[in-house]
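# Descriptive analysis of the structure
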Amino acid sequence: MASMEMSRSLPRSRRDPEGRTPRQDKFSVLLPTYNERENLPLIVWLLVKSFTESGINYEIIIIDDGSPDGTREVAEQLEKIYGSDKILLRPREKKLGLGTAYIHGMKHATGNYIIIMDADLSHHPKFIPEFIRKQKEGNFDIVSGTRYKGNGGVYGWDLKRKIISRGANFITQILLRPGASDLTGSFRLYRKEVLQKLIEKCVSKGYVFQMEMIVRARQLNYTVGEVPISFVDRVYGESKLGGNEIVSFLKGLLTLFATT
Amino acid sequence: MTKLAQWLWGLALLGSTWAALTMGPTLGLELPLTCREVLWPLPAYLLVTVGCFALGTVGYRVATFHDCEDAALELQTQIQEARADLARKGLRF
């Protein structure tokens, strides 16, 4: 590989402590998990496949919040199979928030780019090389996966879910004019220092947290690129979008509207 | 300026313009009757138009919301492949 030849020709002193040559990028995937025993091996397999096929330097950081279903044991097996330089286990005792999971994960990340995504197979790693391509193309600080533009779409949503999703997105676009088509999406690539800065500034939880990240990013004049993605919802029959969630989403949206 | 502030400013600007024009006679501005007849219900008309536009846009977007059948199928195949490969590598599910 070209990158290996580069690292051999540069004197050791010029390589940074994390083993990266000056021109080589490394991508750290943060995977917060809770009860993902079934999906974790599959998502890791897909990630490894995507990265290896594209010759990308990567690491996967699994942040398990004390899952009772044995997620941690599966993660340990994966670490043995793929190596502890590629699979990093950084678990926590109990279920804490997503924001703190990112902070915790980033402390151990040696990449200069961070990828956040869901571990339940709704986000497909095959889009990651496209995120990277897009980032290079426009030198973006953030690349966000969008379900609402281009080829983007979803699978497994009924009419009611689609209406709520499009309706909420419409209101969000009108009120916040965010410059990104999918604000509640959580499949994104960030420059490490950008993610660190944004997490410091964000105060919301849940869907609104992801929205706030983009809104704050625009405030700080960071650039956001978009890549259409397909979102495969496999959680059948379970109502993930109850009245409570909608109410807290609206509250969060109005707070952002009034404060940014 | 927050988005809320921008909206309030915009509404205040439009609102005061409309109020000034519709209260023409009292402020000494004489507009032809036809103008005033249109101007007076304008906010209500605009609200209805905007409402229809919003419903139409959301309706259109829901109707054209892309259903990723292929992605779901591809994922199913890859899951089978992954399970087989991982079992070979020694993973105990």
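Residues numbered from 1 in each chain as written. Chains lettered and ligands numbered in written order. Predicted model: local features only at pLDDT ≥ 70, side-chain atom pairs only at ≥ 80, totals over all residues. Heavy atoms only, no water.

Chain B has the name Dolichol-phosphate mannosyltransferase subunit 3 in an unreviewed UniProt entry, where Chrysochloris asiatica is given as its organism. Under the Subcellular location (unreviewed entry) heading, UniProt states for chain B: "Endoplasmic reticulum membrane". Heading Pathway (unreviewed entry) of the UniProt record for chain B holds this comment: "Protein modification; protein glycosylation." (UniProt positions renumbered as here; feature names shortened; annotations may be inferred.)

As recorded in an unreviewed UniProt entry, chain A goes by the name Dolichol-phosphate mannosyltransferase subunit 1, listed as coming from Chrysochloris asiatica. Check the Subcellular location (unreviewed entry) section of the UniProt entry for chain A; it says "Endoplasmic reticulum". Under the UniProt heading Sequence similarities (unreviewed entry), the note attached to chain A is "Belongs to the glycosyltransferase 2 family."

Moving on, we come to the overall build of chain B. Helix and strand content of chain B: 5 helices and 0 strands. Walking chain B from its N terminus toward its C terminus, one meets helices and strands in the order α-α-α-α-α. Relative to a compact globule of 93 residues, whose C-alpha radius of gyration would be 12 Å, chain B shows 29 Å and is clearly more extended. Reported as C-alpha extents along the three principal axes, the dimensions of chain B are approximately 90 × 30 × 15 Å. Considering chain B as a whole, with its 93 residues, one finds that 22% of them fall into the buried category. A total of about 6800 Å² of accessible surface is found on chain B, and carbon and sulfur atoms cover 71% of it. Across chain B, the 7 positively charged side chains and the 8 negatively charged ones have centroids separated by 13 Å. (Helix = DSSP H or I, 4+ residues; strand = E, 2+ residues; numbered from the N terminus. Rg over C-alpha atoms; globule rule 2.2 N^0.38 Å. Buried < 20%, exposed > 50% of the residue type's maximum accessible area, 1.4 Å probe, protein only. Areas by Shrake-Rupley, 256 points an atom, 1.4 Å probe, with all protein chains shown as cover. Lys, Arg positive; Asp, Glu negative; His and termini not counted. Charge placed at Lys NZ, Arg CZ, Asp CG, Glu CD.)

A few words now on helix α9 (residues 243-259) of chain A. Relative to the 24 Å expected for 17 residues at 1.5 Å per residue, α9(A) spans 24 Å between its end C-alpha atoms, a close match to the ideal helical length. Of all the positions in α9(A), only A:Phe249, A:Gly252, A:Leu253, A:Leu256 and A:Phe257 are classed as buried. Buried residues of α9(A), viewed axially, fall in a sector of 140°; they line one side. Set apart from the buried face of α9(A) by more than 90 degrees, the exposed residues are A:Gly243, A:Asn244 and A:Lys251. Next to the buried residues of α9(A) lie α6 (159-176) and α8 (206-219) of chain A together with α1 (3-22) of chain B. (Expected span 1.5 Å × (residues − 1). Arc of directions from axis to C-beta. Contact = heavy atoms within 4.5 Å.)

Right, let's get into the UniProt feature "transmembrane region" (unreviewed entry) in chain B. Following the UniProt record, the feature "transmembrane region" (unreviewed entry) maps to residues 43-63 of chain B here. Overall, residues 43-63 of chain B shows 100% helix and 0% strand. The separation of its end C-alpha atoms is 30 Å.

In this section: the interface of chain A and chain B. Taken together, the 41 residues of chain A in the interface contact 33 residues of chain B. Carbon and sulfur atoms make up 66% of the surface buried where chain A meets chain B, a total of about 3400 Å² over both sides. Of all residues in chain A, the largest losses of buried area upon contact with chain B belong to A:Trp45, A:Arg166 and A:Phe170, amounting jointly to 20% of the total for that side. Remark: the boundary between chain A and chain B carries 2 salt bridges. Note that B:Glu74 is salt-bridged to A:Lys126, the shortest N-O span being 2.6 Å. Where chain A touches chain B, the interface holds 12 residue pairs in polar contact (both at pLDDT 80 or more). Examining the composition of the side of chain A that touches chain B, we find that 10 residues originate from one element, α6(A), more than from any other. (Buried area = accessible area lost by both parts, 1.4 Å probe. Salt bridge = Lys/Arg side-chain N within 4 Å of Asp/Glu carboxyl O. Polar contact = N/O pair within 3.5 Å; in protein donor to acceptor, adjacent residues only side chain to side chain.)

Bringing the packing of aromatic side chains into the picture now. This structure, assessed with the given rule, holds 8 aromatic pairs over all chains. Here A:Phe27 and A:Tyr113 contribute two aromatic rings whose centre-to-centre distance is 5.1 Å and whose plane-to-plane angle is 15°, an arrangement assigned as stacked. You can see A:Phe27 sitting in strand β1 (residues 26-33) and its partner A:Tyr113 sitting in strand β4 (residues 113-116), a full 86 residues away along the chain. Among the residues examined, A:Tyr113 registers a relative accessible area of 7% and is labelled buried. Between A:Trp157 and B:Phe65, the aromatic rings sit 5.9 Å apart at their centres with planes inclined by 85°, giving edge-to-face as the arrangement. Of the two residues, A:Trp157 sits in the loop between β6 (153-155) and α6 while B:Phe65 sits in the loop between α4 (42-63) and α5 (69-88), which places them in two different chains. Take A:Trp157 and B:Phe65: they sit in the same class, and that class is buried. (Phe/Tyr/Trp six-rings, centres within 6.5 Å; stacked < 30°, edge-to-face > 60°.)

It is worth spelling out the UniProt feature "signal peptide" (unreviewed entry) in chain B at this point. The feature "signal peptide" (unreviewed entry), as given by UniProt, occupies residues 1-19 of chain B in the numbering adopted here. Between the end C-alpha atoms of residues 1-19 of chain B there is a gap of 25 Å, over a span that is 89% helix and 0% strand.

Right, let's talk about the UniProt feature "domain: Glycosyltransferase 2-like" (unreviewed entry) in chain A for a bit. According to UniProt, the feature "domain: Glycosyltransferase 2-like" (unreviewed entry) maps to residues 28-198 of chain A in the numbering used here. Strand forms 19% of residues 28-198 of chain A and helix 43%; the C-alpha atoms that close the span are 17 Å apart.

So, about unusual backbone geometry. All names here are of chain A. A positive phi angle, close to 55°, is found at Asn 35, a residue other than glycine. Within the fold, Asn 35 resides in the loop between β1 and α2 (39-54). Note on Asn 35: relative accessible area 35%, which makes it partly exposed. Here Leu 121, not a glycine, exhibits a phi torsion of approximately 70°, which is positive. In this structure, Leu 121 sits in the loop between β4 and α5 (128-138). With relative accessibility at 2%, the residue Leu 121 sits in the buried group.

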